Amino acid sequence: MQIKKLLPLAATAALVPALAFAQDAAPGEAADHTQFILTSVLFLMGGFLVFWMAAGFAMLEAGLVRSKNVTMQLTKNVALFSIAAIMYWLAGYGIMYPAEWLVEGWLGPFFAVTSLDPVGVGADAVDVGYASGASDFFFQLMFCAATASIVSGTLAERIKLWPFLAFVVVLTGFIYPIEASWQWGGGWLSEAGFSDFAGSTLVHAAGGFAALAGVIILGPRIGKYKDGRTVPMPGSNLALATLGTFILWLGWFGFNGGSQLAMGTIGDVSDVGRIFANTNMAAAAGALVAMIMTQIMYKKVDLTMTLNGALAGLVSITAEPLAPSLFQALIIGGVGGAIVVFVVPLLDKLKLDDVVGAIPVHLVAGFWGTIIVAWTNDGASFVTQIMGFAAIGAFVFVVSFIVFSIIKAVMGLRVGEEEEINGLDMAELGMEAYPEFTNG
């Protein structure tokens, strides 16, 4: 009873700031201010959900590498996020959203250091139709860091720490911002009609292409391919890998939902809810399809395929999570799950050693998600979607290959054979493997 009595008082207290605000602003101004505030909140909430994906990547990778490499993967994930935060401030954000182009539609200014809105800024000094500069920077930074996380897992168990981090500097400061500016920064792909709502190509496939370049240069782990067969190298802890997948699944709601880029109207909020529902459906379909297919093909369910199936479903829906119906989202995500089951063994046949399955999940499912946009979005075409994917893929792969080659020549890229056998935790960090992890 006491709670019921307090509810009217609480509602009145909640309305007081709004009433005071309404007295300070004209009706039109109040609506503009509300749109600015709510969109800024969307960016901040979406941003910290996408930040939580950093924990998901760390747990997924820690669970899928062998115990002698767990600490190395955790170290890389903390370091790459920190580097991304600094490089995106120093160069990346200014390149991605250029005030003026160096090359119109293709290249923004280098080292346009980001600055925030003044403390206590008023409506006269901001774009009230959008959001605060700080919230936008914070949100966009998380996408940049996620791109680097994709590369980390693929190259696990044989790449040196500091050479990898040197690549992250280039990737987060320059490679990712340049290609993302072509679409999200109003560049030439945007003008051409390419559509990528939240980054199936710009984030996920880009990370996959960078990872592919690294895999080719590094080569497979010692003993992975022997006498014409693939030798299984079980991960240290599938509980961690499963936890990481669920964390990524959660973070994806911010990834896709925040990319609505507006929360000031009934339609905007309804669309965010629609994006959440479609995102979830695609993940569920991807997991179930991978699970069923491994049962049919191998007579047993494979948990790692199921986890990657969920992630592939998420990547597949990311290019267009708003337009599809729930049934269409189910189909899109389900095909993503099937892609994983077919592409993982294909990579092994090609002797491309992807430790966590990031190339099937992010690159190949990213391609599927990008082209299928034209099925549900009348404003997109299959030709333009393929063109945009090819352009970004070629740019990221070629530049990444060059950067990795330069780093290899200057610093070395791969640890020695004995160091790899003993594990990177010992070789790079001076640590023994955690004893509770049994699959060394």
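The coordinates are above.
Residues numbered from 1 in each chain as written. Predicted model: local features only at pLDDT ≥ 70, side-chain atom pairs only at ≥ 80, totals over all residues. Heavy atoms only, no water.

*Asks:* If you had to explain the overall build of the chain to someone new, which residues and values would you point to?
*Replies:* Across its full length, the chain carries 16 helices and 2 strands. For the chain, the C-alpha radius of gyration of 23 Å lies close to 22 Å, the compact-globule estimate for 440 residues. The principal-axis extents of the C-alpha atoms in the chain amount to approximately 80 × 55 × 45 Å. Expressed as a percentage of the 440 residues in the chain, the buried residues total 55%. The long-range share in the chain, meaning contacts at least 24 apart out of those at least 6 apart in sequence, stands at 80%. (Helix = DSSP H or I, 4+ residues; strand = E, 2+ residues; numbered from the N terminus. Rg over C-alpha atoms; globule rule 2.2 N^0.38 Å. Buried < 20%, exposed > 50% of the residue type's maximum accessible area, 1.4 Å probe, protein only. Contact = heavy atoms within 4.5 Å.)

*Asks:* So what's going on with unusual backbone geometry? Which residues, and what values?
*Replies:* Most of the time, phi is negative for any residue but glycine, and the peptide bond is trans. At leucine 261, a residue that is not glycine, the phi angle is positive and equals roughly 65 degrees. Following the sequence through the fold, leucine 261 ends up in the loop between α8 (238–257) and α9 (266–298). Given a relative accessible area of 33%, leucine 261 falls into the partly exposed group. Unlike most non-glycine residues, lysine 299 shows phi in positive territory, near 70 degrees. Turning to its location among the elements, lysine 299 is positioned in the loop between α9 and α10 (303–318).

*Asks:* Residues and numbers for the layout of surface pockets, please.
*Replies:* Estimates place the volume of the largest pocket at around 760 Å³. Lys224, Asp302, Thr304, Val344 and Asp348 are the residues nearest the centre of the largest pocket, which is lined by 29 residues in total. Secondary-structure elements contributing two or more residues to the lining of the largest pocket are α9, α10 and α11 (326–349). Ranked by residue count, the leading element in the lining of the largest pocket is α11, at 4 residues. (1 Å grid on protein atoms, 1.4 Å probe; cavity = no way out; pocket = protein on both sides within 12 Å on 5 of 7 lines; lining within 4 Å. Points joined across faces, edges and corners; volume = space filled by probe spheres on them.)

*Asks:* Account for the packing of aromatic side chains, naming residues and giving values.
*Replies:* For the structure on display, the rule yields 23 aromatic pairs. Each ring, one from tryptophan 106 and one from tryptophan 188, has its centre 4.5 Å from the other, and the planes form 10 degrees; the classification is stacked. You can see tryptophan 106 sitting in the loop between α3 (70–96) and α4 (133–154) and its partner tryptophan 188 sitting in helix α6 (residues 188–192), a full 82 residues away along the chain. According to the relative accessible area criterion, tryptophan 106 is partly exposed, its value standing at 41%. Every member of this aromatic cluster is reached through a ring pair, and the members are Phe43, Tyr130, Phe139, Phe143, Trp184, Trp252 and Phe255. Cation over ring: lysine 76 sits above phenylalanine 164, and NZ or CZ is 4.7 Å from the ring centre. (Phe/Tyr/Trp six-rings, centres within 6.5 Å; stacked < 30°, edge-to-face > 60°. Lys NZ or Arg CZ within 6 Å of the ring centre and 35° of its normal.)

*Asks:* How would you summarise the nonpolar core if you had to cite specific residues and measurements?
*Replies:* The biggest cluster of nonpolar side chains holds 116 residues, and the ones touching the most others in it are Phe167, Tyr176, Phe255 and Phe404. The leading source of residues in this core is α3, at 13 residues. Among all residues touching phenylalanine 404, those that are not within four sequence positions of it are Val151, Leu155, Ile159, Phe167, Ala210, Ala213, Gly214, Ile217 and Leu413. (Core = buried A, V, L, I, M, F, W, Y, C linked by side-chain atoms within 4.5 Å.)

*Asks:* If you had to explain the side chain of aspartate 196 to someone new, which residues and values would you point to?
*Replies:* If you trace the backbone, aspartate 196 turns up in the loop between α6 and α7 (200–218). Summary of buried charges: aspartate 196 has no salt-bridge partner, and the nearest side chain of opposite charge, arginine 274, is 16 Å away. Here the side chain of aspartate 196 touches threonine 201 through a polar contact of 2.9 Å, landing on its backbone nitrogen. If sequence neighbours within four positions are ignored, aspartate 196 has contacts with Gln183, Trp184, Thr201, Leu202, Thr318 and Ala319. (Lys, Arg positive; Asp, Glu negative; His and termini not counted. Salt bridge = Lys/Arg side-chain N within 4 Å of Asp/Glu carboxyl O. Polar contact = N/O pair within 3.5 Å; in protein donor to acceptor, adjacent residues only side chain to side chain.)

*Asks:* Tell me about the side chain of asparagine 256, residues and numbers included.
*Replies:* Summarising the element assignment, asparagine 256 is placed in helix α8. Here threonine 318 takes part through its side chain, which lies 3.4 Å from a polar atom of the side chain of asparagine 256. Aside from chain neighbours lying at most four places away, what touches asparagine 256 is Phe197, Ala198, Ile275, Thr279, Ile317, Thr318 and Pro321.

*Asks:* For empty space enclosed by the protein, give the residues involved together with the corresponding values.
*Replies:* Applying the stated rule across the entire model yields 2 cavities of 30 Å³ or more. Approximately 70 Å³ is the volume found for the largest cavity. As for the largest cavity, its lining consists of 13 residues, of which Phe57, Leu60, Val356, Ala358 and His362 are closest to the centre. Taken as a whole, the second largest cavity spans an internal volume of roughly 50 Å³. In this structure, the second largest cavity is lined by Val50, Phe51, Met53, Ala54, Phe57, Phe81, Met142, Ala145, Ala146 and Ser149. Elements with a minimum of two residues in the lining of the second largest cavity: α2 (27–64) and α4.

*Asks:* Tell me about α11, and please be specific about residues and values.
*Replies:* Over its 24 residues, α11 extends 35 Å from the first C-alpha to the last, a length consistent with the 34 Å expected when each residue adds 1.5 Å. Valine 343 marks where α11 bends most, by close to 25 degrees; the proline proline 345 follows one to four residues later. A positive backbone phi angle near 60 degrees is found at lysine 351, which sits one or two residues after α11. (Expected span 1.5 Å × (residues − 1). Bend = angle between axes of the 7 residues up to and from the residue.)

*Asks:* Describe in detail α3, supporting the description with residues and values.
*Replies:* Counted at 1.5 Å a residue, the expected span for α3 with its 27 residues is 39 Å, but the 33 Å between its end C-alpha atoms falls short. In α3, a bend of some 65 degrees at tyrosine 88 exceeds every other bend along the element. Within α3, 19 of the 27 residues are buried, leaving the element largely enclosed by the surrounding structure.

That's the geometry; what it means functionally is another story.
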